[in-house]
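Coordinate analysis (summary)
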Amino acid sequence: MRQRTGSRLAQAPSLTVLAALLLCQLLAVACSNNRKPSTGSSSFGVPFERGIASWYGPSFQGRRTASGERYNMNALTAAHPSLPFGTLVGVRNTRTGREVMVRINDRGPFARNRVIDLSYAAAREVGVVEPGTASVELYLVPETGTPPRYTVQVGAFSDGDRALELQREMVRIYPEAVVDSDGTWSRVQIGAFHDREQAETLRRELAVMGVSAIVVTAR
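Because the structure is a prediction, the values reported are computed rather than measured. (Residues numbered from 1 in each chain as written. Predicted model: local features only at pLDDT ≥ 70, side-chain atom pairs only at ≥ 80, totals over all residues. Heavy atoms only, no water.)

Let us look at the sheet that holds strand β1 (residues 49-56). The 6 strands are arranged β1-β5-β2-β4-β3-β6 in a closed barrel whose pairing can be described as mixed. In this sheet, adjacent strand axes meet at a mean angle of 45 degrees when their direction is disregarded. Across 5 bridges, the pairing between β1 and strand β5 (residues 114-119) is parallel. Residue pairing across strands places Y56 opposite S119, the latter belonging to β5. (Pairing = 2+ DSSP bridges. Helix = DSSP H or I, 4+ residues; strand = E, 2+ residues; numbered from the N terminus. Axes fitted to C-alpha atoms, helices over the stretch in contact; angles between N-to-C directions.)

So, on to helix α4 (residues 196-208). The end-to-end C-alpha distance of α4 is 19 Å, a good match for the 18 Å that 13 residues give at a rise of 1.5 Å each. Those residues of α4 that sit buried are A199, E200, L202 and L206. End-on view of α4: buried residues confined to an arc of 160 degrees, all on one side of the axis. Turning to α4, the residues buried within the fold contact β7 (150-157), α3 (160-170), β9 (186-193) and β10 (214-217). One or two steps after α4, the chain reaches G210, where phi turns positive at roughly 85 degrees. (Expected span 1.5 Å × (residues − 1). Buried < 20%, exposed > 50% of the residue type's maximum accessible area, 1.4 Å probe, protein only. Arc of directions from axis to C-beta. Contact = heavy atoms within 4.5 Å.)

Let us now look at α3. For α3, the set of buried residues is A163, L166, Q167 and M170. The arc enclosing the buried residues of α3, seen along the axis, measures out at 105 degrees, which places them on a common side. For α3, the elements touching its buried residues are β7, β8 (178-181), β9 and α4.

Spatially, 4 strands are ordered β8-β9-β7-β10 in an open sheet, and the strand pairing comes out antiparallel. The open sheet has two edge strands, β8 and β10, and neither has a second partner. Adjacent strand axes in the sheet meet at a mean angle of 50 degrees when their direction is disregarded. Two elements, β7 and β9, share 6 bridges in a ladder whose sense is antiparallel. Bridge pairing in β9 links Q153 to Q189.

Pasting the structure below:
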């Protein structure tokens, strides 16, 4: 009897320790499940917009964007509803903290509650490809030593009405066609390109259609 009693007393502390260890493990798991990822801070500064980012890829490769450029899914570009073409934007995934800088060259996204549509390359950089969408913050990035931009000019008129007439014709094929007026001349222009060769490609495309055009530096 004494040996059995002693055996029970010897085992009691072990069971207590085991129970305590199990409790610690359960608490650790619970804390881990309830822990929210830290939003941290961005190297881009202060965000001007928050929302959901999506991306578009292979099925759009080579198509003309709203700026007139051809879509390149391997370039760090994006579509935004209203920012001027050429604007540099920092994009930060609020869950992972991963960041990328993109150049706006297209319009979109057109799905409700989304603030930016990333190229495949940009989406891959911030971890949006696999989930398809992600919560992001957007930051305006000032340009240093701004490179020239180019546009394709299809006409220049002292009569603004004639410029508008041509613009209405061109916009049927090129929705990005605009009239740029300095008060004296009204110029009908298509696209905004950082790469002159892309502008030259559009000029050659217009030439095949019988439309005379020149590449000029955008104002």
